[in-house]
Amino acid sequence: MSMPCSITGDLSIGHAGFTPAPITAVGAVTARVLVMGVPPHVAMDIIAPHVLGLSAHPGVVQDVSTTVTAGGKGLARMMDKGDCGALLLGTAATVLVGG
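These numbers come from a predicted model, not from an experiment.

Conventions and cut-offs
- Residues numbered from 1 in each chain as written.
- Predicted model: local features only at pLDDT ≥ 70, side-chain atom pairs only at ≥ 80, totals over all residues.
- Heavy atoms only, no water.
- Core = buried A, V, L, I, M, F, W, Y, C linked by side-chain atoms within 4.5 Å.
- Buried < 20%, exposed > 50% of the residue type's maximum accessible area, 1.4 Å probe, protein only.
- Helix = DSSP H or I, 4+ residues; strand = E, 2+ residues; numbered from the N terminus.
- Contact = heavy atoms within 4.5 Å.
- Polar contact = N/O pair within 3.5 Å; in protein donor to acceptor, adjacent residues only side chain to side chain.
- Pairing = 2+ DSSP bridges.

### Some points on the nonpolar core
Thinking step 1. By size, the foremost hydrophobic cluster in this structure holds 10 residues: Ala21, Ile23, Ala43, Ile47, Ala48, Val61, Val64, Ala76, Ala86 and Leu88.
Thinking step 2. Residue assignment for this core shows that the elements contributing at least two residues are strand 3 (21–24) and strand 4 (46–52).
Thinking step 3. In contact with Ala21, not counting residues within four places along its chain, are Leu11, Ser12, Ile47, Ala48, Pro49 and His50.
Thinking step 4. One finds Val35, Val42, Leu75 and Ala92 within the second-largest nonpolar core, a separate group that totals 8 residues.

As structure tokens, this is what we get:
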């Protein structure tokens, strides 16, 4: 099912009680592709450390589209996951990305 693209400024909403965290686009791979005027998130973008009590850990965007890519990396969509299980927001509602 197609979902809104996750773009620069969207957050990871955390998982299992962990706090939301920003996502940082890595490298210039997505700078060539803009979604609603900003770079989209792709596989291996960094999820900042998120916190639960005294526990904190970072993550990377992992579960992404396998059919829509930018620079050879799958685009991230709303509700895709990081390697730690954190869910991603996707606010580019006018740009839907499939499987």
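### Let's talk about the side chain of Asp80
Thinking step 1. Relative to the elements of secondary structure, Asp80 occurs in the loop between strand 7 (73–74) and strand 8 (81–82).
Thinking step 2. What makes Asp80 buried here is its relative accessible area of 8%.
Thinking step 3. Separated by 2.8 Å, the side chain of Asp80 and the backbone nitrogen of Arg77 make a polar contact.
Thinking step 4. For Asp80, the residues in contact, after removing those within four places along its chain, are Asp63, Val64, Ser65, Leu75, Ala86, Leu87 and Leu88.

### A short note on the side chain of His41
Thinking step 1. On the secondary structure map, His41 appears in the loop between strand 3 and strand 4.
Thinking step 2. On the accessibility criterion, His41 (1% relative accessible area) is buried.
Thinking step 3. Leaving out residues up to four positions away in the same chain, His41 has contacts with Ser6, Ile7, Thr8, Gly9, Asp10, Ile23, Gly74, Leu75 and Ala76.

### Details of the environment of Thr94
Thinking step 1. Inspection of the secondary structure puts Thr94 in strand 10 (residues 92–97).
Thinking step 2. A relative accessible area of 66% places Thr94 in the exposed class.
Thinking step 3. Separated by 31 residues in sequence, Thr94 and Asp63 place their C-alpha atoms 21 Å apart.

### Observations regarding the pairing of strand 3
Thinking step 1. Pairing between strand 2 (residues 11–14) and strand 3: 2 bridges, direction antiparallel. Residue pairing across strands places Leu11 opposite Pro22, the latter belonging to strand 3.
Thinking step 2. Where strand 3 and strand 4 come together, 2 bridges link them in antiparallel fashion. Its bridge partner being in strand 4, Thr24 is matched across the sheet by Ile46.

From the geometry alone we can't say anything about function, so treat these as descriptive.
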